[in-house]
Amino acid sequence: VQLLESGGGLVQPGGSLRLSCAASGSIFSNNAMGWYRQAPGKQRELVAAITSGGISNYADSVKGRFTISRDNAKNTLYLQMNSLKPEDTAVYYCNRAIPRLRIEWGQGTQVTVSS
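Enquirer: For this particular structure, what's the right way to read the pattern of salt bridges?
Expert: Two side chains carrying opposite charge are able to pair once their charged atoms lie near each other. Applying the stated criterion across every chain, the model contains four salt bridges. Of the charged contacts in the structure, one is a salt bridge between Asp 88 and Arg 37, with a shortest N-O distance of 2.9 Å. With Asp 88 in the loop between strand 8 (76–81) and strand 9 (90–96) and Arg 37 in strand 4 (residues 33–38), this pair connects stretches of sequence that are 51 residues apart. As far as the burial class goes, Asp 88 and Arg 37 line up, both buried. Residues participating in the shared-partner salt-bridge network are Arg 37, Glu 45, Arg 65 and Asp 88.

What follows is the structure, encoded as structure tokens:
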């Protein structure tokens, strides 16, 4: 397993979750990484990305609510999700942020926002 996502679950609207992604060093080091999500019946989309140097950017739909971070020493990627909405419900995945460099997807972690 090269990408292992964790931290998902069921949360009420307005709640928070922190996702983690453990990656092997060859995948992680010197690569921009991203969090993606795929909702039922929709295409997978990139919601947040971060360069190896820590510069981040976000999809408009999550800007101001989600924070991406990385620990290069641990080869781990994080996504802090606050003020969650029902429309954030999806399976969340991590992978390299540049499409041509992406590797095989992991299992993902399910996030369900519901009252």
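Enquirer: Looking at this model, I keep getting lost on the sheet that holds strand 7 (residues 66–71). Mind explaining?
Expert: What holds strands together in a sheet is hydrogen bonding between their backbones, with the strands either parallel or antiparallel. A sheet is described by the order of its strands in space; here four strands give the open sequence 1-3-8-7, paired in antiparallel fashion. Either end of the sheet is taken by a strand with one partner, and the two such strands are strand 1 (3–6) and strand 7. Within the sheet, the average angular offset between the axes of one strand and its neighbour, ignoring direction, is 15°. Bridge count for strand 3 (residues 17–23) against strand 8 is six bridges, and the pairing is antiparallel. If you follow Ser 20 over to strand 8, its bridge partner there is Tyr 78.

Analysis parameters
- Per chain, residue numbering runs from 1 following the sequence as it is written.
- With the structure being a predicted model, the display of local features is reserved for residues of pLDDT at least 70 and the display and counting of side-chain atom pairs for 80 or more, all residues being used for whole-chain, interface and lining totals.
- Values reported for side chains reflect all heavy atoms of the structure, with hydrogen atoms and water molecules removed beforehand.
- One side-chain nitrogen of Lys or Arg within 4 Å of one carboxyl oxygen of Asp or Glu is enough to make a salt bridge.
- What counts as a helix is a DSSP run of H or I of at least four residues, what counts as a strand is a run of E of at least two, and both are numbered from the N terminus.
- For every residue, the accessible area (1.4 Å probe, protein chains only) is compared with the maximum for its type, and the residue is labelled buried under 20%, exposed over 50%, or partly exposed between those bounds.
- Only strands that DSSP links by at least two bridges are regarded as paired with each other.
- All axes here are fitted lines through C-alpha atoms, helices being fitted over the stretch that makes contact, and every angle between N-to-C directions spans 0 to 180 degrees.

Taken by themselves, the reported measurements are silent on function.
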